[in-house]
Amino acid sequence: MTHLDLARQPLGFFPTPIHELPHLTRLLGGPRLFIKRDDLTGLACGGNKTRKLEFLVGQALAEGADTLITAGAMQSNHCRQTAAAAASLGLACHLVLGGSEPTAVTGNLLLDQLLGASIHWAGDHRKGEDIPILAEQLRISGRRPFTVPYGGSTALGATGFVEALYELDRQTSAPGLDFDHLIFASSSGGTQAGLMVGKRLLKKPYQVTGIAIDKVGEAEKSLGELILELANATARFLGTGIRLAPAELHLDEGYSGSGYGEISPGDREAIHLLARYEGILLDPVYTGRAMAGLIDKVRQGCFRRDEKVLFWHTGGTPALFA
Ligand SMILES: *Cc1c(COP(=O)(O)O)cnc(C)c1O
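The structure contained in this document is the topic of the report that follows. (Residues numbered from 1 in each chain as written. Predicted model: local features only at pLDDT ≥ 70, side-chain atom pairs only at ≥ 80, totals over all residues. Heavy atoms only, no water.)

Counting its secondary structure elements, the chain contains 10 helices and 10 strands. Compactness check: the chain gives a C-alpha radius of gyration of 19 Å against a globular reference of 20 Å for 322 residues, within 12% of the reference. Across its three principal directions, the C-alpha atoms of the chain cover 60 × 45 × 35 Å. Pairs at least 24 residues apart make up 78% of the contacts formed inside the chain by residues separated by at least 6 positions. Here the chain displays about 13,700 Å² of accessible surface, and carbon together with sulfur accounts for 53% of that area. Of note, the chain has its 31 positive side-chain charges centred 4 Å away from the centre of its 34 negative side-chain charges. (Helix = DSSP H or I, 4+ residues; strand = E, 2+ residues; numbered from the N terminus. Rg over C-alpha atoms; globule rule 2.2 N^0.38 Å. Contact = heavy atoms within 4.5 Å. Areas by Shrake-Rupley, 256 points an atom, 1.4 Å probe, with all protein chains shown as cover. Lys, Arg positive; Asp, Glu negative; His and termini not counted. Charge placed at Lys NZ, Arg CZ, Asp CG, Glu CD.)

For the rest of this paragraph, the subject is the site of the ligand. Around the ligand, the structure places 15 residues, and the nearest of them are K49, K52, S188, T191 and T314. Interatomic distance of 3.0 Å between a side-chain N/O atom of N48 and an oxygen atom of the ligand. The side chain of T191 places a nitrogen or oxygen atom 2.7 Å from an oxygen atom of the ligand. Coverage of the ligand by the protein chains reaches 98% of its 380 Å² of free accessible surface. Sorting the residues of the shell around the ligand by element identifies helix 2 (49-62), strand 7 (181-186) and helix 7 (190-202) as the ones contributing at least two each. For the shell around the ligand, the residue count by class is two nonpolar, 11 polar and two charged. (Near = heavy atom within 4 Å. Polar contact = N/O pair within 3.5 Å; in protein donor to acceptor, adjacent residues only side chain to side chain. Nonpolar A, V, L, I, M, F, W, Y, C, P; charged D, E, K, R; others polar.)

Okay, the pairing of strand 8 (residues 207-212) next. Strand residues, when the strand is regular, have side chains that alternate between the two faces of the sheet. In terms of burial, strand 8 is largely enclosed, as five of its six residues are buried. Where strand 7 lies against strand 8, six bridges are found, and the strand directions are parallel. Along strand 8, the bridge assignment pairs A185 with I211. Handedness of the crossover joining strand 7 and strand 8 through helix 7 is recorded here as right-handed. (Buried < 20%, exposed > 50% of the residue type's maximum accessible area, 1.4 Å probe, protein only. Pairing = 2+ DSSP bridges. Right-handed = clockwise from strand over helix to strand, strands pointing away.)

Here the focus is the sheet that holds strand 5 (residues 118-121). The strand order across the open sheet built from four strands is 5-4-3-6, with neighbouring strands paired in parallel fashion. Sheet topology places strand 5 and strand 6 (145-147) at the edges, where each strand pairs with a single neighbour. The sheet shows a mean angle of 25° between the axes of neighbouring strands, direction not considered. Pairing of strand 3 (residues 67-72) with strand 4 (residues 92-97) involves six bridges; the strand directions are parallel. Paired with T70 across the two strands is L95, which belongs to strand 4. The sheet strands contacting helix 3 (residues 77-89) are strand 3 and strand 4, and the helix crosses strand 3 at an angle near 170°. (Axes fitted to C-alpha atoms, helices over the stretch in contact; angles between N-to-C directions.)

What the six strands build is an open sheet, ordered 1-2-10-7-8-9; its pairing is mixed. Two strands lie at the open edges of the sheet, namely strand 1 (18-20) and strand 9 (250-252), each paired on one side alone. Shown here is a sheet whose adjacent strand axes are inclined to one another by a mean of 25°, direction ignored. This element, helix 7, spans strand 7, strand 8, strand 9 and strand 10 (308-313) of the sheet and lies at about 175° to strand 8. Each of strand 7, strand 8 and strand 9 is contacted by helix 8 (residues 223-237), which is oriented at about 150° to strand 9, the strand it contacts most.

Quick look at the packing of helix 2 against helix 6 (residues 155-173) now. In helix packing, the relevant descriptors are the interaxial angle and the interaxial distance, both defined with respect to the helix axes. In contact at an axis separation of 7 Å, helix 2 and helix 6 are set at 130° when each is read in the N-to-C sense. One way to sum up the angle between helix 2 and helix 6 is to call them oblique. Considering the relative orientation of helix 2 and helix 6, their crossing is right-handed. Side by side, helix 2 and helix 6 meet where R51, K52, F55, L56 and Q59 of the first sit next to L156, G157, T159, G160, F161, E163, A164 and E167 of the second. The residue makeup of the contact of helix 2 with helix 6, split by class, is five nonpolar, four polar and four charged. (Parallel < 35°, antiparallel > 145°, perpendicular 65-115°, else oblique. Left-handed = near helix turned anticlockwise from the far one by under 90°.)

This brings us to helix 5 (residues 131-140). Taken together, the buried positions of helix 5 are I131, L134, A135 and L138. Projection of helix 5 onto a plane perpendicular to its axis shows the buried side chains occupying an angular sector of 100°, all on one side. Those residues of helix 5 that are exposed and angled more than 90 degrees off the buried face are P132, I133 and I140. Where helix 5 is buried, its residues contact strand 3, strand 4, strand 5 and strand 6. G142 lies just past helix 5 and shows a positive phi near 95°. (Arc of directions from axis to C-beta.)

In this section: the nonpolar core. One finds L68, L165, L168, F179, L182 and W312 to be the most contacted residues of the largest nonpolar core, which totals 55 residues. Top element by residues in this core is helix 6. It accounts for seven residues. The next biggest cluster of nonpolar side chains, apart from the first, holds 27 residues, and it includes I213, I280, L282 and F311. (Core = buried A, V, L, I, M, F, W, Y, C linked by side-chain atoms within 4.5 Å.)

Honestly, it's all geometry; don't read function into it.
This is the structure:
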């Protein structure tokens, strides 16, 4: 089986554009910088979850679901894109959000409501712990719910990012663009797992580097372990015969010190630089931090000047308005 054999529900506009960042390249005096615009996937402000949802929602529809359920933080981009997917297909959507109802409704939460999602506040159950009860209630009331996993990060969801590397390959083979590095924000790990598998399938030389967004937690497993497991699960799921070794995992956890959603001076500088010099909006949680990591690496001399680095913009823009 390959990703081409799976049910895939079109939800976004692909391929997303790739272009150079000439002003930022000149300003930093480093490698040639390019950007892949998954902030432009189109699903109610776009983002990387659209790619995962094409496969996950494909499965939901194949199972005859009439309702999508998922979970996330109050400003979850994943929840907003799931709500938009549901609205576009005439499905109901239930979101289980961490925390309690705020007095001011802003950013992604405002969009969730506008998109017609039913919102359930889950307090400190931030990762969908309450979904099984909700799903059971919905079943009893006659609905056919499908649970979209947290962050869309299962083997099926990560397949969206295996496919994304085939898309990148089709876009760059004609212009003969060979990137040396792919850099992006990593959080629930599906993006990185999919890109790691795609790199191996396509036998590409570039290094795939995630910038960790969350503070290193006390969880049983580290993010690195989770990503590697998910990458191997995805490789197995697709019947590739590929096995990824720990040495193939490049996850930089040096930029997440201020914690999830706590903006650092580096994050702020990155958001300002991209806005002022390239007219591109980053977000305060994911892409601002990943770009801050990239800028710091350029300044530290981690890249040669003749190298080409692709920053994968994973979306998140609505959080700027939160
Ligand atoms: C979810 C998200 C990420 C992280 O992707 P994962 O696959 O969860 O690691 C990065 N950027 C944005 C804007 C996101 O919404």
